[in-house]
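# Residue-level structural notes
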Amino acid sequence: MTPVVKNRLLIVTGPTATGKTRRGVLIAQSFGGEIVSADSRQVYRGMDIGTGKDLDEYGSTPYHMIDIVPAGYKYNLYEYLRDAKNAISAIREKGKMPIVVGGTGLYVESLAKGIVLPEVPENKSLRESLAGKSLDELTEILASMKRLHNTTDIDTSKRAIRAIEIEKFYKTHPEAAMAARAEQSATVEPLIILVDIDREARRQRISQRLKTRLDNGMVEEVKALLQNGIAPDDLIYYGLEYKYITLYLIGEITYEQMVSGLETAIHRFAKRQMTWFRGMERRGFQLHPLPYDMPDDEFIGQVKALMS
């Protein structure tokens with residue numbers, strides 16, 4: 001096994017449907033590591049098929065940041081960075097290598113930067129003042145406060161209001177804003193592997209995976225969440241599979257509209273992911289692309305060479 005490099009943070013990322021989990025597990029098995037998920041929806045219990053947890057792929061490899069909060073909760077970046085850093089520290093204390101695996105660009109980049117976020121409290125008066133505004137109006141307000149790098153901020157009105165709330169907090173607490181945006185380069189040495197795939201292969205894999213997940217009970221999974229008391233709006237908040245399937249189950253769209261709309265939305269999501277990763281390169285990060293279909297032994301050989 002390759003010895004653990006102090007402060008080295010190995011990250012495996014890429015767009016959806018590229019097989020990141022399998023690659024991360026392969027690295028963990030080869031170098032004596034544990035997985036730290038960087039997926040914004042795999043933290044939720046009971047949201048398994050739609051988030052692609054694929055827990056059977058881990059085998060005996062330990063993993064963290066999966067199934068840690070109940071569905072319906074709104075887990076945020078502050079909580080993720082707090083919990084992921086704790087997991088990374090615990091892995092290192094065992095003499096193991098932490099391997100961050102996931103495609104949520106905001107989570108990946110924030111960990112790679114070593115960002116420290118203050119907890120932003122709820123601003124009830126602000127929320128009440130924004131409650132009647134449309135998503136377009138909220139987007140315009142947020143765009144006047146910051147550049148909209150992260151399009152998930154404006155997926156829903158609830159997300160947009162929370163993003164405005166955070167920006168307002170930073171404007172009135174400049175010391176917190178500085179801490180949130182500061183790079184802690186002394187504590188992080190990221191090695192970022194991008195599982196790369198051409199556009200057409202990505203589209204084919206997304207379409208096939210969607211069919212497989214529907215065949216495997218994804219609609220039934222969302223139905224069970226609703227039956228267990230999760231509000232439709234809370235599931236719609238999570239976007240993609242949970243948004244479209246919930247809309248179908250509450251009768252707002254047909255099954256055919258659900259499948260068509262969801263497939264289009266996932267393709268667009270993958271495109272936004274790639275835009276984020278290209279932006280990371282412009283922001284000074286080096287991403288090392290390795291083909292999604294590279295043979296396992298070649299893949300591990302390339303990772304070993306990059307680590308050395």
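Since the model is a prediction, treat every value here as computed from it, not as a measurement. (Residues numbered from 1 in each chain as written. Predicted model: local features only at pLDDT ≥ 70, side-chain atom pairs only at ≥ 80, totals over all residues. Heavy atoms only, no water.)

### Examining the overall build of the protein
Rules: Counting from the N terminus, the helices are the DSSP runs of H or I reaching at least four residues and the strands are the DSSP runs of E reaching at least two. In this setup the radius of gyration rests on C-alpha atoms only. A globule is expected at 2.2 Å times the number of residues raised to 0.38. We call a residue buried when its accessible area falls under 20% of the maximum for its residue type, exposed when it is over 50%, and partly exposed in between, using a 1.4 Å probe and counting protein chains only. The contact rule is simple, with two residues in contact once any of their heavy atoms fall within 4.5 Å. Only the protein chains shown count as cover for residues, and all accessible areas are computed by the Shrake-Rupley method using a 1.4 Å probe. All tallies of charge rest on Lys and Arg as positive and Asp and Glu as negative; His and the ends of each chain are not included. Where a charge lies is defined by one atom per residue type: Lys uses NZ, Arg uses CZ, Asp uses CG and Glu uses CD.
Across its full length, the protein holds 13 helices and eight strands. Relative to its length of 308 residues, the protein is compact, with a C-alpha radius of gyration of 20 Å against a globular reference of 19 Å. Out of the 308 residues belonging to the protein, those deemed buried represent 48%. A sequence separation of at least 24 residues applies to 74% of the contacts in the protein between residues at least 6 apart. As displayed, the protein offers around 15,000 Å² of accessible surface, 49% of which is attributable to carbon and sulfur atoms. The positive charge centre, built from 42 side chains, and the negative charge centre, built from 41, are 3 Å apart in the protein.

### Some details on the nonpolar core
For clarity, the threshold we go by: For the purposes of this section, nonpolar cores are sets of buried Ala, Val, Leu, Ile, Met, Phe, Trp, Tyr and Cys residues that join through side-chain atoms within 4.5 Å.
Counting 58 residues, the largest nonpolar core has Val36, Tyr75, Tyr80, Val100, Leu111 and Met280 as its most contacted members. Looking at this core element by element, the count peaks at nine residues for helix 12 (residues 255-282). Each residue touching Val100, except ones within four places of it in the same chain, is listed here: Leu9, Leu10, Ile11, Val12, Val36, Ala38, Ile88 and Leu111. Grouped together as the second largest cluster of nonpolar side chains are 22 residues, Val25, Leu26, Tyr58 and Ile300 included.

### Considerations on helix 5 (residues 135-143)
The criterion, for reference: Picture the helix axis, draw a direction to every C-beta atom, and the arc is the one those directions span.
Within helix 5, burial applies to Leu138, Thr139 and Leu142. Buried residues of helix 5, viewed axially, fall in a sector of 100°; they line one side. For helix 5, the exposed residues set more than 90 degrees away from the buried face come down to Asp136 and Glu140. Of the surrounding elements, those touching the buried residues of helix 5 are helix 4 (124-130) and helix 6 (157-172).

### Focus: the packing of aromatic side chains
Any aromatic ring pair is given by two values, namely how distant the centres are and how the planes are angled relative to each other. Put simply, the rule reads: Centres within 6.5 Å are what make two rings of Phe, Tyr or Trp a pair, Trp counting through its six-membered ring; a difference in plane orientation under 30 degrees is then read as stacked, over 60 as edge-to-face, and the rest as tilted. By the criterion adopted, a ring carries a charge over it if an Arg CZ or a Lys NZ lies within 6 Å of its centre and within 35 degrees of its normal.
Taken as a whole, this structure holds five aromatic pairs when the rule is applied. Between Tyr58 and Tyr63 the ring centres are 4.7 Å apart and the planes differ by 45°, which places this aromatic pair in the tilted class. Given a relative accessible area of 33%, Tyr63 falls into the partly exposed group. Summarising the aromatic geometry, the rings of Tyr237 and Tyr238 are spaced 5.8 Å apart at their centres and angled 70° between planes, so their arrangement reads as edge-to-face. The class for Tyr237 is buried, based on a relative accessible area of 11%. Through successive ring pairs, a cluster of aromatic residues spans Tyr44, Tyr237 and Tyr238. Lys74 extends its terminal NZ or CZ atom over the ring of Tyr237, reaching a point 4.8 Å from the ring centre. Between Arg283 and the ring centre of Trp276, over which it is positioned, the NZ or CZ distance is 5.5 Å.

### Overview of the pattern of salt bridges
Selection criterion: Think of a salt bridge as a Lys or Arg side-chain nitrogen and an Asp or Glu carboxyl oxygen that are within 4 Å of each other.
Tallying each qualifying case throughout the model produces 16 salt bridges. Overlapping salt bridges, with partners in common, bring together Glu122, Arg127, Arg162 and Glu165 in one network.

### Some words on the pairing of strand 2 (residues 33-37)
Along a regular strand, successive side chains alternate from one face of the sheet to the other. Note the cut-off: One requirement defines pairing of two strands: DSSP has to find at least two bridges between them.
Taking burial as the measure, the five residues of strand 2 include five buried ones, the bulk of the element. In this sheet, strand 6 (residues 97-101) lies alongside strand 2 in parallel orientation, the contact comprising five bridges. Paired with Val36 across the bridge in strand 6 is Val100. Judged from the two bridges that link them, strand 2 and strand 4 (residues 63-64) form a sheet pairing that is parallel. Bridge assignment links Val36 to a residue of strand 4, and that residue is His64.

These figures come from the coordinates and say nothing about function on their own.
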